[in-house]
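# Overview (structure and organization)
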Amino acid sequence: WVLAPGHLTQIQQWLVWRETERRATPSVPLPPELAAACRGALATAEVKISRMQRSVACALRRLRPDVAFEEEAVDPASGYSIDIAASDWDRTAQATGTAAGYVLVSSRRAARLAVEVDGPHHFAHDGAPTGATLPKRRPLRALGWALVSASGDEWNRLRPAPAAERARPEGK
């Protein structure tokens with residue numbers, strides 16, 4: 001196919017939207033080779049793992065050492081990359097214990113947990129998720145993921161100060 005990876009990714013996002021939001025399949029099915037190329041383009045799109053994402057993943061691993069958290073996992077049905085995923089999440093756990101001052105709460109019971117680490121570019125000036133963020137969240141929920149957003153503002157407010165900052169005398 002003579003389509004750029006960005007175009008293939010957009011087609012895949014549209015296909016996922018049609019299947020999850022509209023509960024419809026395309027009226028003209030894509031040739032299998034094109035469908036595979038679209039899903040592959042989304043699944044292999046380059047991602048950068050931020051320090052905040054690493055910090056959230058470390059806190060989750062301390063919080064739930066019994067759960068395997070995978071960074072940049074790919075949802076097999078959609079091809080979407082998930083910042084931090086736990087495919088073996090406990091169906092009955094809506095809230096976990098605390099570790100390092102954090103509490104992880106998901107209002108949805110699901111076997112799979114997706115944690116999206118959302119920096120400032122994921123939100124509009126009023127704090128609402130941007131139009132680029134929502135098209136990923138809704139399909140993941142529709143595909144059975146319990147989704148938790150760890151926003152940078154919230155994470156920075158919750159994160160304990162580094163030891164060097166806590167030990168520093170006032171005014172120094």
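Definitions and limits used
- Residues numbered from 1 in each chain as written.
- Predicted model: local features only at pLDDT ≥ 70, side-chain atom pairs only at ≥ 80, totals over all residues.
- Heavy atoms only, no water.
- Helix = DSSP H or I, 4+ residues; strand = E, 2+ residues; numbered from the N terminus.
- Buried < 20%, exposed > 50% of the residue type's maximum accessible area, 1.4 Å probe, protein only.
- Contact = heavy atoms within 4.5 Å.
- Pairing = 2+ DSSP bridges.
- Axes fitted to C-alpha atoms, helices over the stretch in contact; angles between N-to-C directions.
- Core = buried A, V, L, I, M, F, W, Y, C linked by side-chain atoms within 4.5 Å.
- Expected span 1.5 Å × (residues − 1).
- Polar contact = N/O pair within 3.5 Å; in protein donor to acceptor, adjacent residues only side chain to side chain.
- pLDDT = per-residue confidence, 0-100.

## So, the overall build of the protein
Regarding its fold elements, the protein presents six helices and six strands. Tracing the protein from N to C terminus, the helices and strands come up as α-α-α-β-β-β-β-β-α-β-α-α. Going through the 172 residues of the protein one by one, you find that 38% of them count as buried. In the protein, once contacts between residues fewer than 6 apart in sequence are set aside, the share between residues at least 24 apart is 63%.

## Some remarks on the sheet that holds strand E5 (residues 112-118)
To summarise the sheet geometry, strands pair through backbone hydrogen bonds and adopt either a parallel or an antiparallel arrangement. Strand order in the open sheet formed by four strands is E1-E2-E5-E6, with mixed pairing between adjacent strands. With partners counted over all chains shown, the strands left at the sheet margins are strand E1 (70-74) and strand E6 (145-151), one partner each. Shown here is a sheet whose adjacent strand axes are inclined to one another by a mean of 45 degrees, direction ignored. Relative to E6, E5 runs parallel, the two sharing seven bridges. Pairing of Ala114 across the sheet is with Leu147, part of E6.

## Side note on the nonpolar core
Membership of the largest hydrophobic core comes to 17 residues, with the highest contact counts inside it found for Val56, Leu60, Phe69, Ile84, Leu113 and Val115. Among the secondary structure elements, those contributing two or more residues to this core are helix H3 (51-63), strand E2 (81-86), E5 and E6. Broken down by element, this core gets its largest block of residues, six residues, from H3. Tyr80, Ile82, Ala85 and Leu147 belong to the second largest nonpolar core, which has ten residues in total.

## Looking at helix H2 (residues 32-43)
If you check H2, its first and last C-alpha atoms are 16 Å apart, about what twelve residues at 1.5 Å a residue would give, namely 16 Å. All of the buried residues along H2 are Leu34, Cys38, Ala41, Leu42 and Ala43.

## Comments concerning the side chain of Thr20
With respect to the helices and strands, the residue Thr20 is situated in helix H1 (residues 5-20). Residue Thr20 is classed as buried on the basis of its relative accessible area of 9%. Among the polar contacts listed, one links the side chain of Thr20 to the backbone oxygen of Val16, at a separation of 2.8 Å. Beyond its immediate chain neighbours, meaning those up to four positions away, Thr20 contacts Pro139, Ala142 and Leu143.

## Observations regarding unusual backbone geometry
One non-glycine residue with positive phi stands out, namely Glu72, at about 55 degrees. Among the secondary structure elements, Glu72 is positioned in strand E1. Taking the relative accessible area as the measure of exposure, Glu72 reaches 16% and is therefore buried.

## Topic: the pairing of E1
Here E1 pairs with E2 via four bridges, running antiparallel. In the sheet register, Glu71 faces E2, and the bridge partner there is Ile84. Where E1 hands over to E2, the hairpin turn is made up of six residues, of which Gly79 adopts a positive phi near 90 degrees.

## A word on the confidence of the model for the protein
Looking at the protein, the pLDDT average stands at 76 and 75% of residues meet or exceed 70. Predicted confidence is poor over residues 164-172, with pLDDT under 50, and the contacts of this stretch with residues over four places away or in other chains come to two contacts.

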